[in-house]
Amino acid sequence: MKHVFQKGNDPSRPTLLLLHGTGGNEQDLLPLAEIIDKDANVLSVRGNVLENGMPRFFKRLAEGVFDEEDLIFRTQELNEFLDEAAEKYKLDRNNITAVGYSNGANIAASLMFHYQDALKAALLHHPMVPRREIDLPDLTGKRVFIAAGTNDLICPAQESEELHTLLADAGAEVELHWENRGHQLTMTEVQAASAWYK
């Protein structure tokens, strides 16, 4: 997978896995890593799927309707890439924190839905529920921050609440942060995510 790796100053810090939104790329969220943890390793990945020329992490059938088969395949692909990257860059595979926005937040949530130890923690900006009616792994000890917009037309409030419930029911420690905004990524929610992370 196309990616950028930046070695951090402190090997004890988590590796920040940056996952962009639809139409973004591996450069998009690098400024967020600076705000969240300037000493951490950074692994920023570009989605392998193109939708009308725009990079994404998995296919969708329509706005808000995921191609479940492709989602499962791409989640596995990303998890395997993390295994490879951990070996290549000498990263602690058990200390990866995802920072995802929109489509990137969805694939990060999907990693947690499918693989117990894919991520240690996740900062999810405007995520949706990746899959329904599946049993989640035991996520005890995992930490998740969800940033959501009360006026988000792409990701309705009940999506964020349902995701919060599903992750919490699987044992994760989840914080849901509301912005009185739409689907855009705001500086106030990035600062809230950073405060939560610290």
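Side chains that carry opposite charge are capable of pairing whenever their charged atoms lie near each other. Going through the model one piece at a time under the given rule, you end up with 13 salt bridges. R74 serves as the salt-bridge partner of D70, at 3.3 Å between the closest nitrogen and oxygen. With D70 and R74 both in helix α2 (residues 68–88) and 4 residues apart, this pair spans about one turn of that helix. Overall, D70 belongs to the buried group, its relative accessible area being 8%. When its relative accessible area of 15% is taken as the criterion, R74 is described as buried. Close ionic contact of E159 with R132 constitutes a salt bridge, the shortest N to O distance being 3.0 Å. Residue E159 is located in helix α4 (residues 157–169), and its partner R132 is located in the loop between β9 (121–125) and β10 (143–149); the two are separated by 27 residues in the primary sequence. Three or more residues joined by partner-sharing salt bridges are found here, namely E51, R56, R60 and E63.

One can expect most non-glycine residues to show negative phi and most peptide bonds to be in trans. A positive phi angle, close to 55°, is found at K90, a residue other than glycine. Checked against the element boundaries, K90 lands in the loop between α2 and β8 (96–101). According to the relative accessible area criterion, K90 is exposed, its value standing at 70%. Residues other than glycine seldom take positive phi values, yet S102 does so here, at roughly 55°. Structurally, the position occupied by S102 is in the loop between β8 and α3 (103–114). Under the relative-accessibility criterion, S102 is labelled buried at 13%.

Cut-offs and rules
- Sequence order as written defines the numbering, with residues in each chain counted from 1.
- At least 70 in pLDDT is required for a residue's local features to be given in this predicted model, at least 80 for side-chain atom pairs to be given and counted, and no such filter applies to totals for whole chains, interfaces and linings, which use all residues.
- Hydrogens and water molecules were not included; the side-chain quantities draw on all heavy atoms of the structure.
- The working definition used for a salt bridge is a side-chain nitrogen of Lys or Arg within 4 Å of a carboxyl oxygen of Asp or Glu.
- The secondary structure listing takes helices from DSSP runs of H or I that are at least 4 residues long and strands from runs of E that are at least 2 residues long, numbered from the N terminus.
- Whether a residue is buried, partly exposed or exposed follows from its accessible area with a 1.4 Å probe, protein chains only, as a fraction of its type maximum: under 20%, in between, or over 50%, in that order.

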